[in-house]
Amino acid sequence: MEKVHSIEVEQTTSSRLAQVDFENLKFGHILSDHMLVAEYNNGAWQSVKIVPYGNIVMSPSSSFIHYGQSIFEGIKAYKLENGDVSIFRPNQNHERFNKSAARLEMPTVPAEIFMDGLKTLIDLDRDWVPPTKDASLYIRPFMFATEAALGVHPSASYTFMIITSPVGSYYNKPLRLKVETHYTRAANGGVGFSKNAGNYALSLHPTKLAQEEGFDQLIWTDAKEHAYIEEAGTANLLFRIGDTLITPSAETILRGITRLSIMAIAEKWGLKTESRKVSVQELIDGIEAGIVTEAFAAGTAATLTPIAEIGFQGKVYKLSDPSTREFSNKVLAYLNDLRYGRIEDEFGWNLVVD
Ligand SMILES: *Cc1c(COP(=O)(O)O)cnc(C)c1O
């Protein structure tokens, strides 16, 4: 049995809030006043504290630095039209976090630490949730192995933390994506479905090469044949082909909550949806035949970003003008209305922090 944890709160005596320009937020550069820190050792979670944001001290032999036992989540809180603060579907992130933890042989984090800690932290820093258009408070829960020992084995101790950052939009223009047919992000049996630090480390070099060719990001393909579309590495992909909204399915793909929400809305609106294998050839043929009418990336950081062009084997395929895309524009407007509390929350996705 997990024991019941009380959350100790130490408030800052020098808030940095007054220095924040909410009109000009770069992604992830400004961190809010407080952070949550929980320590795990001797087989149990020991302490949960909220303290002023600041540096942490660790041993150079902390095992996550060497062997990568490190996972994270990305969540957003919004300022509702009525002034309340609401977190978007954090239960889903909690569930996914614990799946990532299990795959990396790390302890799970109970709801009384993840969820109650999250609510207490956001309540304390509620004035950090930007009141400005298209802005939000990005929430980063993460956990890493802290045992000071160089042998390769599951760490005996871990730190779970939550930090938050007021952000504007991540991408401000439609994307140019390159289909990657050499490098691999994730293979069956691997860790592609988990949100762990290593998945990002391995993506940096191939992404840089694509950026040197003028692309923004990659479209990852399957490890075996590089013939099937997976995802964009920080966001999931969705395509409207004919009258159907399609998202690639594979065990290697991160199960995005934004994608899940968009598919649920599409179903509610009566659009046909499919989660299935999508070959690169099907996509290219569809673009050439004019039946791929919409394509976009979906993620907490990226929200919904239209794809303008897709590069494949040295050729660039142009998609329709994003401003004319019926479903993408409608669903983005709907999601924003829901998240900012301008319409009824008919799905029950907003967790209002009171
Ligand atoms: C976080 C993430 C996504 C998007 O997931 P959301 O839950 O919608 O934020 C997609 N792909 C990868 C690899 C990710 O890490």
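The preceding data block contains the structure.
Residue numbers run consecutively from 1 along every chain, following the written order of its sequence. In keeping with the model being predicted, local features are shown solely for residues with a pLDDT of at least 70 and side-chain atom pairs are shown and tallied solely at 80 or more, while totals for entire chains, interfaces and linings include all residues. Computation of side-chain values covers all heavy atoms of the structure but excludes hydrogens and water.

Here the focus is the overall build of the protein chain. Looking only at helices and strands, the protein chain has 7 helices and 17 strands in total. In this setup the radius of gyration rests on C-alpha atoms only. A globule is expected at 2.2 Å times the number of residues raised to 0.38. Computed over its C-alpha atoms, the radius of gyration of the protein chain comes to 21 Å, within 12% of the 20 Å expected for a compact globule of 354 residues. Each of the three principal axes of the protein chain carries a C-alpha extent, and together these read 60 × 50 × 40 Å. Within the protein chain, the proportion of its 354 residues that are buried is 51%. Summarising the internal contacts of the protein chain: among those between residues at least 6 apart in sequence, 70% fall at separations of at least 24. Note on areas: these come from Shrake-Rupley sampling with a 1.4 Å probe, and a residue is covered only by the protein chains present in the view. Here the protein chain displays about 16100 Å² of accessible surface, and carbon together with sulfur accounts for 50% of that area. Taking the 34 positively charged and 43 negatively charged side chains of the protein chain as two groups, their mean positions are separated by 3 Å. Comment: elements are numbered from the N terminus, with helices defined as DSSP H or I runs of at least four residues and strands as E runs of at least two. Under the scheme applied here, a residue whose accessible area is under 20% of the maximum for its type counts as buried, over 50% as exposed, and between as partly exposed, the area being computed with a 1.4 Å probe on protein chains only. By definition in these notes, contact holds between two residues if any of their heavy atoms fall within 4.5 Å. Just so you know, the count uses Lys and Arg for positive and Asp and Glu for negative, and it drops His and the chain ends. Working definition for charges: the position is that of NZ of Lys, CZ of Arg, CG of Asp or CD of Glu.

Attention now goes to the packing of helix 5 (residues 257–268) against helix 7 (residues 326–339). The packing of two helices is summarised by the inter-axis angle and the distance between the axes. Comment: axis = line fitted to C-alpha atoms, over the contacting stretch for helices; angle = value between 0 and 180 degrees taken between N-to-C directions. Direction vectors running N to C along helix 5 and helix 7 enclose 110°, while the axes themselves pass 11 Å from each other. Our classification of the angle between helix 5 and helix 7 gives roughly perpendicular. Across the interface between the two elements, Ile262, Ile265 and Ala266 of helix 5 pack against Phe327, Val331, Tyr334 and Leu335 of helix 7. Its residues placed into classes, the contact of helix 5 with helix 7 shows 7 nonpolar, no polar and no charged. Roughly parallel covers angles under 35 degrees, roughly antiparallel covers those over 145, roughly perpendicular covers 65 to 115, and oblique covers all other angles. For this scheme, ten residues count as nonpolar: Ala, Val, Leu, Ile, Met, Phe, Trp, Tyr, Cys and Pro. Four count as charged, namely Asp, Glu, Lys and Arg, and the remainder, Gly too, count as polar.

Okay, the nonpolar core next. Residue types Ala, Val, Leu, Ile, Met, Phe, Trp, Tyr and Cys, when buried and joined through side-chain atoms within 4.5 Å, form a set referred to as a nonpolar core. Membership of the largest hydrophobic core comes to 36 residues, with the highest contact counts inside it found for Trp45, Ile87, Val109, Ile122, Ile139, Met143 and Phe160. Mapped by element, the contributors of at least two residues to this core are strand 2 (34–41), strand 3 (44–52), strand 5 (75–79), strand 6 (85–88), helix 2 (90–103), helix 3 (111–124), strand 7 (136–145) and strand 8 (158–167).

To continue, consider the pattern of salt bridges. By salt bridge we mean one thing: a side-chain nitrogen of Lys or Arg within 4 Å of a carboxyl oxygen of Asp or Glu. Scanning all chains against the criterion turns up 18 salt bridges. Two residues, glutamate 294 and arginine 240, come together in a salt bridge whose shortest N-O distance is 3.3 Å. You can see glutamate 294 sitting in strand 14 (residues 292–299) and its partner arginine 240 sitting in strand 11 (residues 236–241), a full 54 residues away along the chain. Of the two residues examined, glutamate 294 and arginine 240, each falls in the buried class. Taken together, the shared-partner salt bridges in this structure form one network comprising Arg176, Glu309 and Lys318.

Further remarks concern the packing of helix 2 against helix 3. Taken N-terminus to C-terminus, the directions of helix 2 and helix 3 make an angle of 145°; their axes are 11 Å apart at the nearest point. Crossing of helix 2 over helix 3 shows right-handed handedness. Along the contact surface, helix 2 presents Pro90, Asn91, Asn93, His94 and Phe97, while helix 3 presents Ala111, Phe114, Met115 and Leu118. Its residues placed into classes, the contact of helix 2 with helix 3 shows 6 nonpolar, 3 polar and no charged. Crossing handedness is defined as follows: a turn of the near helix away from the far one that is anticlockwise and smaller than a right angle gives a left-handed crossing, while the clockwise case is right-handed.

This next bit is on the environment of glutamate 213. Examined against the element boundaries, glutamate 213 turns out to sit in the loop between helix 4 (197–212) and strand 10 (217–219). Relative accessible area serves as the criterion here: at 47%, glutamate 213 is assigned to the partly exposed category. Sequence spacing of glutamate 213 and glycine 311 is 98 residues, and the spatial spacing of their C-alpha atoms is 9.9 Å. Leaving out residues up to four positions away in the same chain, glutamate 213 has contacts with Arg176 and Lys178. Within polar-contact distance, the side chain of glutamate 213 engages the side chain of lysine 178 at 2.9 Å. We call two N or O atoms a polar contact when they sit within 3.5 Å, provided that within protein one can donate a hydrogen and the other can accept it, with sequence-adjacent residues counted only if both atoms are side-chain atoms.

Nearness is defined per residue: one heavy atom within 4 Å of the molecule or strand is enough. Close to the ligand lie 15 residues, the nearest being Lys195, Tyr200, Glu231, Thr258 and Thr300. Contact distances for the ligand include 2.6 Å between an oxygen atom and a side-chain N or O atom of threonine 258. In isolation the ligand exposes 380 Å². Once the protein is present, 97% of that is buried. Partitioned by chemical class, the residues of the shell around the ligand number 4 nonpolar, 7 polar and 4 charged.

This part is about the environment of glutamate 147. Within the secondary structure layout, glutamate 147 lies in the loop between strand 7 and strand 8. Separated by 166 residues in sequence, glutamate 147 and glutamine 313 place their C-alpha atoms 46 Å apart. For glutamate 147, the residues in contact, after removing those within four places along its chain, are Ser61, Ser62, Ser63, His153, Pro154, Ser155, Ala156 and Ser157.

On to the side chain of threonine 244. Take threonine 244: it is sitting in strand 12 (residues 244–248). Here threonine 244 is in contact with Phe239, Lys272, Thr273 and Glu274, once residues within four sequence places are set aside.

With respect to the element layout, lysine 195 can be found in the loop between strand 9 (175–179) and helix 4. No salt bridge is formed by the buried lysine 195. Its closest oppositely charged neighbour is glutamate 73, at 5.4 Å. Look past the residues within four positions of lysine 195 in its chain and what remains in contact with it is Ile71, Phe72, Glu73, Gly74, Arg96, Ser100, Tyr200 and Leu254.

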